[in-house]
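Structure at a glance
Here are the chains, one letter per residue:
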Amino acid sequence: MRQAWYDRTGTPAEVLRVGDAPVPLPRGGEVLVRIRASGINPSDCKQRRGWPGMAPTGRIVPHSDGAGVVDRVGEGVDPALIGQRVWVWGARGGIFYGFDGGPEDGTATEFARLPVGHVVPLPDSVGFDIGAAIGAPGCTAHHLVFADGDVSGQVVMVRGGAGAVGELAVSFASRAGAHVIATVSSPEKAAIARAAGAQQVIDYRRQDVADAVLGAYPGGVHRIIEVDFAANIVGDAALIRRDGVIASYSSPSDPSPTLPYYPLQFKGVTVRFVQGAALPSGAQADAVRAISRGFAEGWLRPTIAAAFPLDRIADAHALVESGAQVGKVVLEL
C-alpha cells in the first residue's frame, strides 16, 4: 500500500515522504479501514514541526481524522462491518497529547488499523471528504458548545465562525436554539458562518466587535467560543455577561497569555479549556452521536477548501500552515 510518513521534524517539503508499506492486519477489537480521504488538522502540522518539544522516536504516519470503507475485522469484531462506509477519529491523537490509548498510526495511508470504537458509520449521502473533515474539529466544537449544558435561548458568540472548529460550533449552537454571533475576517468567511446558522456576523476587520455585540446585547453574551485566548481574552471579559462561560480551544498568538483576573472574577465568569483529543468518554460519545445525527439530517456539512492526492501531502500541509484556505484541507486516496 501507499503511505505517507516522517521520522524527523521540519517543514513539509523537508520531512514528509510517500512510499510503499505493508498492509497491517487488524488485531482483536480492531478494524482495517481502506482510507478514501484523510483530514489535516493544525495539530497534525504542530506534531510534524515538533511543537511543543515533541520529536518523533520513529516513523510516524500523520493525521488523526479520515474516512473510508471497512476492509477487514479482527477477532471479536462483527464481520457485518466489512464493506461499511465509516468516518474515523482519534488516530495518533492520544500519542501526540501525551496519554495512552488510541491508534498507533494516522490516516495518511491507504489502509489504517483502528479500534472498532474509533470508527463511525458514514451515510451514503455524505462524501468521504466530509467524513474526513469532521473528527477532531467536530468533537471539539460539540464540547465547546455543550460542556456546560443546554444553550437553547442563550446568546453564543463564536470567534472565528468560519474556521474548521468555529463553523461546526455555529452549526451545533444554532441547531440547539441559541442565537449565534460569529466573528469573521472577510465576506467569504461571513457567507460560510451565515450558511452554518449564525444570525449575526461581524467582520472584525471592518467593524468594532464590542460595539456590534453590546449594541445588540447590552448585558453581554452567555457563552464565548474562543479561537485565540491570548488575543481576545481582554475583549471577551468585556463582552461576557455575569456568570457566563468562555470556552477556549487554542491560543496561537501566545501560549502563555496574561489573564485579566478581576474583570472576569467580578462577573463570576467560568473559563473552560477544551482539548478535543482528550474529551471525557461521555463527552466524546455525545459528540459522535451529534455528528451522526447532523450527517443523517443533512445540516452538518463542514466546508472543504481543497483536496490533494497523497503524493502531494507536503503541499497540503503547507496550505494548512499558511492559513490561506477557507475550510478544511483533505487528502484523497
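Whatever comes next refers back to the structure up there.
Looking at the overall build of the protein chain
- Secondary structure assignment for the protein chain yields twelve helices and 15 strands.
- For the protein chain, whose C-alpha radius of gyration is 20 Å, the value lies close to the compact-globule estimate of 20 Å for 333 residues.
- With the C-alpha coordinates aligned to their principal axes, the bounding extent of the protein chain is approximately 60 × 40 × 35 Å.
- The buried share of the protein chain, taken over its 333 residues, is 52%.

Re a nonpolar patch on the surface
- Residues Leu259, Tyr261, Tyr262 and Phe266 make up a contiguous nonpolar surface patch of about 470 Å² in total accessible area.
- Structurally, Tyr262 is set in helix 10 (residues 261-265).

Let's talk about the nonpolar core
- Counting 49 residues, the largest nonpolar core has Trp87, Phe172, Ile225, Ile291, Phe295 and Leu300 as the members making the most contacts within it.
- Breaking this core down by element, the ones donating at least two residues are helix 4 (128-132), helix 5 (135-146), strand 8 (155-158), helix 6 (164-175), strand 9 (179-184), helix 7 (187-196) and helix 11 (281-297).
- Ile202, Val213, Tyr217 and Phe229 belong to the second-largest nonpolar core, a separate cluster that totals 18 residues.

Looking at the sheet that holds strand 12 (residues 240-248)
- Strand order in the open sheet made by the six strands is 10-9-8-11-12-13, with parallel pairing throughout. With partners counted over all chains shown, the strands left at the sheet margins are strand 10 (200-203) and strand 13 (270-273), one partner each. The sheet shows a mean angle of 15 degrees between the axes of neighbouring strands, taken without regard to direction.
- In the sheet, strand 8 pairs with strand 9 via four bridges, with the strands oriented parallel. Bridge pairing in strand 9 links Met157 to Ile181.

About the thresholds
- Residues numbered from 1 in each chain as written.
- Predicted model: local features only at pLDDT ≥ 70, side-chain atom pairs only at ≥ 80, totals over all residues.
- Heavy atoms only, no water.
- Helix = DSSP H or I, 4+ residues; strand = E, 2+ residues; numbered from the N terminus.
- Rg over C-alpha atoms; globule rule 2.2 N^0.38 Å.
- Buried < 20%, exposed > 50% of the residue type's maximum accessible area, 1.4 Å probe, protein only.
- Patch = residues over 30% accessible without salt bridge, like charges linked within 9 Å, V, L, I, M, F, W, Y side chains within 5 Å.
- Areas by Shrake-Rupley, 256 points an atom, 1.4 Å probe, with all protein chains shown as cover.
- Salt bridge = Lys/Arg side-chain N within 4 Å of Asp/Glu carboxyl O.
- Core = buried A, V, L, I, M, F, W, Y, C linked by side-chain atoms within 4.5 Å.
- Pairing = 2+ DSSP bridges.
- Axes fitted to C-alpha atoms, helices over the stretch in contact; angles between N-to-C directions.

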